[in-house]
Amino acid sequence: MTALDDNIAKLAGFLERFRETGIHNRIGGQDVAGGKGVFQTTSPVDETVICDVAHGTADDIDRAANAAHDAFGAWRDLPATERRAILIRVAEGIEARAEEIALCECWDTGQAFKFMSKAALRGAENFRYFADQVVQARDGQHLKSPTLMNITTRVPIGPVGVITPWNTPFMLSTWKIAPALAAGCTVVHKPAEASPLTARLLVEIAEEAGLPPGVLNTVNGFGEEAGRALCEHPKIKAIAFVGESRTGSLITKQGADTLKRNHLELGGKNPVIVFDDADLDRALDAAIFMIYSINGERCTSSSRLLVQDTIREDFEAKLIARVNNIKVGHPLDPATEVGPLISAEHFAKVTSYFDIATQDGATVAAGGETLGDKGYFVRPTLFTQATNDMRIAQEEIFGPVLTSIPFSTEDDALRMANDTAYGLTAYVWTNDLTRALRFTDKLEAGMIWVNSENVRHLPTPFGGVKASGIGRDGGDWSFDFYMEQKHVGFATGQHKITKLGAI
Ligand code: NAD
């Protein structure tokens, strides 16, 4: 039996219960049918139906928001050490079911097991990290004035909505939900309609770990219906959103009437800038990893390669050889490096750029083709002879597709790096320290790595500028979003109070 056969057999066991019962909404600790019946989720590997999923409506969101509202007071007031203990048990539950989570995620999203086998563990790490911050999350400052002892404290904002996308959905959900629960908020989660499996596993694990009913509620359904209702609900105080930039704009509009606080983590068209003095072997490894891992369906992917013209030819030749060698295949095969894209719609979008590239005058130097007649497989693709004003350099393709653009001077590189609507990440490769300092100072991006691929460190701020988002996750920044600052001033004596209407 090969490792692939073994994974397929295990997956069949894990999917059986989904096939039998489908995926219900989970509201107030109960399974609840969707107001509009069910929709079906299919696998991008072979386009077969995985299971029925509750089709949630505005009424379902209302029920979930009320459940989160009712559960809020007790969860907020639970001693921090008890909340911490529950979150650590959630992390342990995730670790115990890591294989189930990984295999279901691969089948539901097409992501390769090679990367998803670690996604569950990263999810557990998110719970552990924020569990460790629970006890001090409410701490504040003492700001003494001449007449008052002023103190600040932080309190959880209330029930919040979490809306997540289909790329690495388990990891991204835990990234949002763990700090929200740690802060003392209750949550209504609306997972992406294309990838509902692991959101169900997460709420099960959380409840088994002792999370009280109603503290985490999951409502499945579509963005314009369930998602919209969540943004508009008056009992939901904030929306943590991860998804496309244009959806982020809708989230803001939909939340306007209820004055919603929004945290938006949106798209990117991130540059990797390679100067000729860099360690070119490491730059090559990192550039390839950051665009072709996770099927290129990654907000932080380095989808624009800006390469110095003095080394371009050699660097691109090595790149082409490596890209042509990337193993595309069944996502449950541990050797697979790139699996199928999430859906027929996304497959059509990504492959449309093959023609757009040549129409605009670029060259397809590798890939540019689909693979097989079932599932949404594409060959890892590299466009060369491109300029920064082409659509392939400006639009988020969100697939295993890299656009290579030459530059001659540092000024050129900086201008092109910043000449985009987005500003999520940037990657700079140079051994000139002064240049690295000068260059990163001027780059318009929320996160920059120098001589490194994206290595996430949970205490650091994660988020983008421009069309890539508003707000930051990570460390204390997460608590700033899920909590309100409160100031209380205590008079320390009999200071003069201005008298009105007195004789
Ligand atoms: P999407 O915006 O289409 O959907 C994301 C979620 O929003 C889904 O749950 C969807 O149902 C919901 N939604 C859609 N319309 C809505 C509406 N009107 N109101 C409320 N909810 C609505 O994004 P996607 O295609 O699922 O994900 C891919 C995108 O996510 C890419 O642009 C990618 O860059 C971005 N992303 C960003 C980050 C980041 O941290 N910056 C991380 C991962 C993905």
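Residues numbered from 1 in each chain as written. Predicted model: local features only at pLDDT ≥ 70, side-chain atom pairs only at ≥ 80, totals over all residues. Heavy atoms only, no water.

Q: Can you explain the overall build of the chain? Please cite residues and give values.
A: Of the regular secondary structure elements, the chain holds 17 helices and 22 strands. Taking 2.2 N^0.38 as the reference for a compact globule, 503 residues should give roughly 23 Å; the C-alpha atoms of the chain span a radius of gyration of 24 Å, in line with that estimate. Taken along the three principal axes of its C-alpha coordinates, the chain extends 85 × 60 × 35 Å. For the chain, the proportion of its 503 residues judged to be buried stands at 56%. (Helix = DSSP H or I, 4+ residues; strand = E, 2+ residues; numbered from the N terminus. Rg over C-alpha atoms; globule rule 2.2 N^0.38 Å. Buried < 20%, exposed > 50% of the residue type's maximum accessible area, 1.4 Å probe, protein only.)

Q: Would you mind going over the site of the ligand in detail, with residue names and values included?
A: Near the ligand there are 29 residues, and of these Lys 190, Glu 193, Thr 247, Leu 266 and Glu 396 occur at the shortest range. Separating an oxygen atom of the ligand from a side-chain N or O atom of Trp 166 is a distance of 3.0 Å. Take Glu 244: an N or O atom from its main chain is 2.9 Å from an oxygen atom of the ligand. Contact with the protein chains hides 93% of the accessible area of the ligand, taken as 860 Å² for the molecule alone. (Near = heavy atom within 4 Å. Polar contact = N/O pair within 3.5 Å; in protein donor to acceptor, adjacent residues only side chain to side chain. Areas by Shrake-Rupley, 256 points an atom, 1.4 Å probe, with all protein chains shown as cover.)

Q: So what's going on with the nonpolar core? Residues and values would help.
A: In this structure, Ile 94, Phe 127 and Leu 181 are the most contacted members of the largest nonpolar core, which totals 103 residues. Looking at which element gives the most residues to this core, the answer is helix α7 (residues 169-183), with ten residues. Leaving out residues up to four positions away in the same chain, Ile 94 has contacts with Ile 101, Ala 120, Gly 123, Ala 124, Phe 127, Phe 170, Thr 174, Leu 202 and Ile 205. Counting residues in hydrophobic clusters, the runner-up holds 31 residues, among them Tyr 353, Met 390, Phe 407 and Leu 443. (Core = buried A, V, L, I, M, F, W, Y, C linked by side-chain atoms within 4.5 Å. Contact = heavy atoms within 4.5 Å.)

Q: Tell me what's going on with the sheet that holds strand β17 (residues 381-384), and back it up with residues and numbers.
A: With mixed pairing, seven strands are arranged side by side in an open sheet as β14-β17-β18-β13-β12-β19-β20. This sheet does not close on itself; its edge strands, each paired only once, are β14 (363-366) and β20 (447-450). Neighbouring strand axes in the sheet, compared pairwise and without regard to direction, differ in orientation by 25° on average. By the bridge criterion, three bridges tie β17 to strand β18 (residues 401-407) in an arrangement that is parallel. (Pairing = 2+ DSSP bridges. Axes fitted to C-alpha atoms, helices over the stretch in contact; angles between N-to-C directions.)

Q: Tell me what's going on with empty space enclosed by the protein, and back it up with residues and numbers.
A: Vacant regions in the atomic arrangement are exposed by a probe of water-molecule size rolled over the atoms. In the structure shown here, the tally under the stated rule is three cavities of 30 Å³ or more. Estimated volume of the largest cavity: approximately 60 Å³. Looking at the largest cavity, the residues that line it are Gly 268, Lys 269, Ile 291, Gly 296, Arg 298, Ser 301, Ser 303, Glu 396, Ile 397, Phe 398, Gly 399 and Val 401. Classifying every residue of the lining of the largest cavity by side-chain character gives four nonpolar, five polar and three charged. Reported here for the second largest cavity is a volume of approximately 50 Å³. Lining the second largest cavity are 13 residues; nearest its centre among them are Pro 271, Ala 417, Tyr 422, Gly 423 and Glu 444. By residue class, the composition of the lining of the second largest cavity is five nonpolar, five polar and three charged. (1 Å grid on protein atoms, 1.4 Å probe; cavity = no way out; pocket = protein on both sides within 12 Å on 5 of 7 lines; lining within 4 Å. Points joined across faces, edges and corners; volume = space filled by probe spheres on them. Nonpolar A, V, L, I, M, F, W, Y, C, P; charged D, E, K, R; others polar.)

Q: Which residues make up unusual backbone geometry, and what are the values?
A: For Asn 295, which is not a glycine, the phi torsion comes out positive at approximately 60°. With respect to the helices and strands, the residue Asn 295 is situated in the loop between α11 (280-292) and β13 (304-308). According to the relative accessible area criterion, Asn 295 is buried, its value standing at 1%. Not every positive phi belongs to a glycine, and Phe 398 is a case in point at roughly 65°. Structurally, the position occupied by Phe 398 is in the loop between α14 (391-394) and β18.

Q: Account for the layout of surface pockets, with residues named and values stated.
A: The volume enclosed by the second largest pocket comes to roughly 200 Å³. As for the second largest pocket, its lining consists of Lys 114, Phe 115, Asp 285, Ile 288, Phe 289, Tyr 292, Ser 293, Arg 322, Asn 325, Ile 326 and Glu 337. Mapped onto the lining of the second largest pocket, the elements with two or more residues apiece are α5 (113-116), α11 and α12 (312-325). Looking at which element gives the most residues to the lining of the second largest pocket, the answer is α11, with four residues.

Q: So what's going on with the pattern of salt bridges? Which residues, and what values?
A: Taken as a whole, this structure holds 33 salt bridges when the rule is applied. Residue Lys 176 is joined to Glu 265 by a salt bridge in which the shortest nitrogen-to-oxygen separation is 3.0 Å. Taken together, the residues Lys 176 in helix α7 and Glu 265 in strand β11 (residues 261-265) connect sequence positions 89 residues apart. Glu 265 carries the same exposure label as Lys 176, and that label is buried. Among the salt bridges present, the one from Glu 395 reaches Arg 391, with a minimum N-O distance of 2.8 Å. (Salt bridge = Lys/Arg side-chain N within 4 Å of Asp/Glu carboxyl O.)

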